[in-house]
Amino acid sequence: MCKVTINGREVEVSEGTTILEAAGQAGVYIPTLCYLKDVNEIASCRICVVEVEGQDELVAACNTPVVDGMVVRANTSRVRTARKENLALILSTHNVECTTCIRSGNCKLQTLSNDFNMGAFASPSFEGVPAAQDWPQDFPLIRDASKCIRCMRCVNICERVQASGVWKATPAGGVDVAAASIEESPCTLCGQCITHCPVGALTARDDTARVFAAINDPDTITVVQVAPAVRAAWAESWGIPREEATPGRMAAALRRIGFDYVFDTDWSADLTIMEEGSEFVARVKNAENETFPMFTSCCPGWVRYIKAQWPQYVDQLSTAKSPQQMFGAAAKTWFAEKEGIDPNKIFCMSVMPCVAKKHECALENMNDAGAGQDVDLSVTTREMARMLRECGIDPRELEEEEFDNPLGNATGAGVIFGATGGVMEAALRSAYFLVTGENPDPDAFRDVRGLDGWKEATFDLAGIPLRVAVASGLANTNRLLAALDAGEVQYDFVEIMACPGGCAGGGGQPIHDGQELAGVRGDILYGLDKHADLRFSHENPTVLQAYEEYFGAPCGERPHHLLHSDHHDWSMPHK
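Read on for an overview of the structure.

Description of empty space enclosed by the protein
Here is step 1 of the chain: Tallied over the full model, the rule gives four cavities of 30 Å³ or more.
Here is step 2 of the chain: One number sums up the size of the largest cavity: a volume of about 280 Å³.
Here is step 3 of the chain: For the largest cavity, the lining is made up of 28 residues, of which C298, P353, K357, M497 and C503 are closest to its centre.
Here is step 4 of the chain: Mapped onto the lining of the largest cavity, the elements with two or more residues apiece are α8 (265–285), α9 (300–309), α10 (323–339) and α11 (356–362).

Okay, here's the thing in structure tokens:
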């Protein structure tokens, strides 16, 4: 243990603790900009500099370990001046048109500039800002080089957490795409570089104008679906307590925007389980002719990753479409027929915690309903919040409302799709029923829950031992696949989510710099599941109605055409 004094406060910490961590334990605030714990601790911004007694030079608090007896001063005139000078250098090459920046009001650099009263500081003129990079504006991920502060967060989050290597540090100290272009890169569109960028250099393509255009078109019928994980995060920017940010209030908010129908992707998550669960059971029954494990396919970032990095396993992906895409196919067929609506007049859009969903819905093979793309557009949770603000809608003033029927009914199994392990748990609940004819305890498969990046469990399925694994975050996924490839592990069923913590920590979720909220949001989803009237996908009455009236049996001819896809229909990189 080491005794350290910081700003006159003595604290005892473990060896190897950094000055920044020790300061946190002592209740002393030290500002940071480039720092991300365990991911980016390179001290490139020099905003966290402090004085250490006995040393002539200021040191970076984020990566300097303490020693016993160290005396640190984090709030002297010299320290504050150095921080301002370093901040001024960053601002001198940063596009400071803050009022039109998508991160205005939620930007770490803007906050520090206000905190340090930079307007009154004799800083360099704001010149030498890099020109905006020639970037494909139709790509779901947008980069503005004029706002990059070269903190290297994106480089390290992509390499260390997501094992994708899309970004690289340039010899001049900047950042660029490692491939010839972003379209030719192995980018999975997980969006983790966006949610960990401290400024507005990386964003998701904004599609809100297209949504409003559809709403304002009197000849268009607008249908919106909302993903499971969105309900755990949609109201965070208003500071609404989580117990008040209910799905019902979310449905009311979307209805105020002007959508004709407000539906729930949880419904099609239940539909997905009927298809994917039936597919898995069929594979188990025909085990001697199948190759295992079967991988889940509902995460488009994961599908992009396996196609780019581990193509030898693509044929082991479930052929079931994601809930987003199953919803679009159902909305433009069964629902349209049921309501007497021309499916060509339907504008079907989704609100997703995900950037990759923008790419998924635009794929050339996602148009099986025969009325254009099955899902016309996908927006992120952040875009939904911007739309509400643009419309002047304050969710705090709304009463709860129900989702519309019939695509608004869902079970707890559909809700937990938004948490890592949730797809696996929901699938196993129904797989057990499909094999035995009886429901298991709905919490019988809880061992796949939790934020561990790679989880394993074995369950008994009517005397058949099922070996399952769950991974979230693509570096964890890469480790799992490497072990599988080397013959070190064997599984029957594997769930993969590209984003750490699953969709709850998705790249389209609200940004809270330095905070990882997937666990908190996941707990909300499991709480909703626990108190749901129905907790098994195979008991969703309107899903059963859809099969009876339109689809026939799960994995039958019509579901095969509308609810499944061929992963070889498009290539990766997808140009």
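After presenting the structure, the write-up continues.
Some thoughts on the layout of surface pockets
Here is step 1 of the chain: If you add up the space inside the largest pocket, you get close to 950 Å³.
Here is step 2 of the chain: Lining the largest pocket are 44 residues, and of these L36, H196, G514, Q515 and E516 lie nearest its centre.
Here is step 3 of the chain: Listing elements by their share of the lining of the largest pocket, those giving two or more residues are α1 (19–26), α4 (153–161), α5 (192–196), α15 (474–485) and α16 (518–530).
Here is step 4 of the chain: Of the residues assigned to the lining of the largest pocket, the class counts are 18 nonpolar, 17 polar and nine charged.
Here is step 5 of the chain: In this structure, the second largest pocket spans a volume of roughly 600 Å³.
Here is step 6 of the chain: Taken together, the residues that form the lining of the second largest pocket break down as eight nonpolar, seven polar and seven charged.

Side note on the sheet that holds strand β2 (residues 9–13)
Here is step 1 of the chain: If you trace the five strands from one edge of the open sheet to the other, you get β2-β1-β5-β3-β4, paired in mixed fashion. The open sheet terminates on both sides in strands that have one partner only, identified here as β2 and β4 (59–60).
Here is step 2 of the chain: Contacts between α1 and the sheet are confined to β1 (2–6), β2, β3 (49–52), β4 and β5 (71–73), with β2 contributing the most and set at about 115 degrees to the helix.
Here is step 3 of the chain: Each of β3 and β5 touches helix α2 (residues 77–92); the most contacted strand, β3, lies at about 150 degrees to it.

Observations regarding the sheet that holds strand β15 (residues 454–461)
Here is step 1 of the chain: Pairing is mixed in the open sheet, where four strands are placed in the order β12-β17-β16-β15. Looking at the sheet topology across the chains shown, the edges are occupied by β12 (294–295) and β15.
Here is step 2 of the chain: Across five bridges, strand β16 (residues 464–472) lies against strand β17 (residues 493–497) in parallel orientation. Bridging from a neighbouring strand, V470 pairs with E495 of β17.
Here is step 3 of the chain: In this fold α15 packs onto β12, β15, β16 and β17, with an angle of close to 140 degrees to the strand it touches most, β16.

Some words on the packing of α8 against α10
Here is step 1 of the chain: Running from amino to carboxyl end, α8 crosses α10 at an angle of 100 degrees, the nearest separation of the two axes being 8 Å. Looking at the two axes, α8 sits roughly perpendicular to α10. For the pair formed by α8 and α10, the contact residues are T265, W267, S268, A269, L271, T272 and E275 on the first element and P323, Q324, M326, F327, A330 and W334 on the second.
Here is step 2 of the chain: Tallied by class, residues from the contact of α8 with α10 come to eight nonpolar, four polar and one charged.

A short note on the packing of aromatic side chains
Two measures describe an aromatic ring pair: the distance that separates the ring centres and the angle between the ring planes.
Here is step 1 of the chain: All told, the structure shown has 13 aromatic pairs when counted by the stated rule.
Here is step 2 of the chain: Ring centres of W135 and W167 lie 6.1 Å apart, and the angle between their planes is 15 degrees; on these two criteria the pair is classed as stacked. Taken together, the residues W135 in the loop between α3 (108–115) and β6 (141–143) and W167 in strand β7 (residues 167–169) connect sequence positions 32 residues apart. The pair formed by W135 and W167 is uniform in burial state, with each residue classed as buried.
Here is step 3 of the chain: Judged by centre distance (4.5 Å) and plane angle (20 degrees), the rings of F280 and F493 are stacked. Of this pair, F280 sits in helix α8 while F493 sits in strand β17; the two residues are 213 residues apart in sequence, bridging distant segments of the chain. This pair shows no difference in class: F280 is buried, exactly as F493 is.
Here is step 4 of the chain: Chaining the aromatic ring pairs together yields one cluster made of Y261, F263, F327 and F335.

Here's the deal with the pattern of salt bridges
Here is step 1 of the chain: Across all of its chains, the model carries 30 salt bridges by this definition.
Here is step 2 of the chain: Between R73 and E53 there is a salt bridge; the shortest N-O distance is 2.8 Å. Here E53 lies in the loop between β3 and β4 and R73 lies in strand β5, a separation of 20 residues in the sequence.
Here is step 3 of the chain: The class of R73 is partly exposed, set by a relative accessible area of 33%.
Here is step 4 of the chain: Residues K357 and E360 are paired through a salt bridge, measuring 3.1 Å at the closest nitrogen-oxygen approach. Placement of the pair is K357 and E360 together in helix α11, with a separation of three residues, close to one helical turn.

Observations regarding the environment of E244
Here is step 1 of the chain: With respect to the element layout, E244 can be found in the loop between β10 (221–226) and α7 (247–257).
Here is step 2 of the chain: Its relative accessible area of 41% is what places E244 among the partly exposed residues.
Here is step 3 of the chain: Remark: the alpha-carbon pair of E244 and P395, spanning 151 residues in sequence, is separated by 9.6 Å.

A look at α10
Here is step 1 of the chain: Remark: the principal bend of α10, roughly 40 degrees, maps to A331.
Here is step 2 of the chain: Among the 17 residues that make up α10, 14 are buried, leaving the element largely enclosed by the rest of the structure.
Here is step 3 of the chain: Note on α10: the residue one or two positions beyond its end, G340, has a positive phi of about 70 degrees.

Section: the pairing of β10
Here is step 1 of the chain: With five of six residues buried, β10 lies mostly within the body of the structure.
Here is step 2 of the chain: Of the strand pairs in this sheet, β10 and strand β13 (residues 346–352) are connected by six bridges, and their pairing is parallel. Paired with V226 across the two strands is V351, which belongs to β13.
Here is step 3 of the chain: Relative to strand β11 (residues 261–264), β10 is paired through four bridges, and the arrangement is parallel. Along β11, the bridge assignment pairs V226 with D264.
Here is step 4 of the chain: Viewed along the sheet, the connection from β10 through α7 into β11 turns out right-handed.

Focus on the environment of V494
Here is step 1 of the chain: Among the secondary structure elements, V494 is positioned in strand β17.
Here is step 2 of the chain: Considering only alpha carbons, one finds V494 and V468, 26 residues apart in sequence, at a separation of 5.6 Å.
Here is step 3 of the chain: Beyond its immediate sequence surroundings of up to four residues, V494 is in contact with P293, M294, F295, T296, M424, A469 and L480.

Cut-offs and rules
Residues numbered from 1 in each chain as written. Predicted model: local features only at pLDDT ≥ 70, side-chain atom pairs only at ≥ 80, totals over all residues. Heavy atoms only, no water. 1 Å grid on protein atoms, 1.4 Å probe; cavity = no way out; pocket = protein on both sides within 12 Å on 5 of 7 lines; lining within 4 Å. Points joined across faces, edges and corners; volume = space filled by probe spheres on them. Helix = DSSP H or I, 4+ residues; strand = E, 2+ residues; numbered from the N terminus. Nonpolar A, V, L, I, M, F, W, Y, C, P; charged D, E, K, R; others polar. Pairing = 2+ DSSP bridges. Contact = heavy atoms within 4.5 Å. Axes fitted to C-alpha atoms, helices over the stretch in contact; angles between N-to-C directions. Parallel < 35°, antiparallel > 145°, perpendicular 65-115°, else oblique. Phe/Tyr/Trp six-rings, centres within 6.5 Å; stacked < 30°, edge-to-face > 60°. Buried < 20%, exposed > 50% of the residue type's maximum accessible area, 1.4 Å probe, protein only. Salt bridge = Lys/Arg side-chain N within 4 Å of Asp/Glu carboxyl O. Bend = angle between axes of the 7 residues up to and from the residue. Right-handed = clockwise from strand over helix to strand, strands pointing away.

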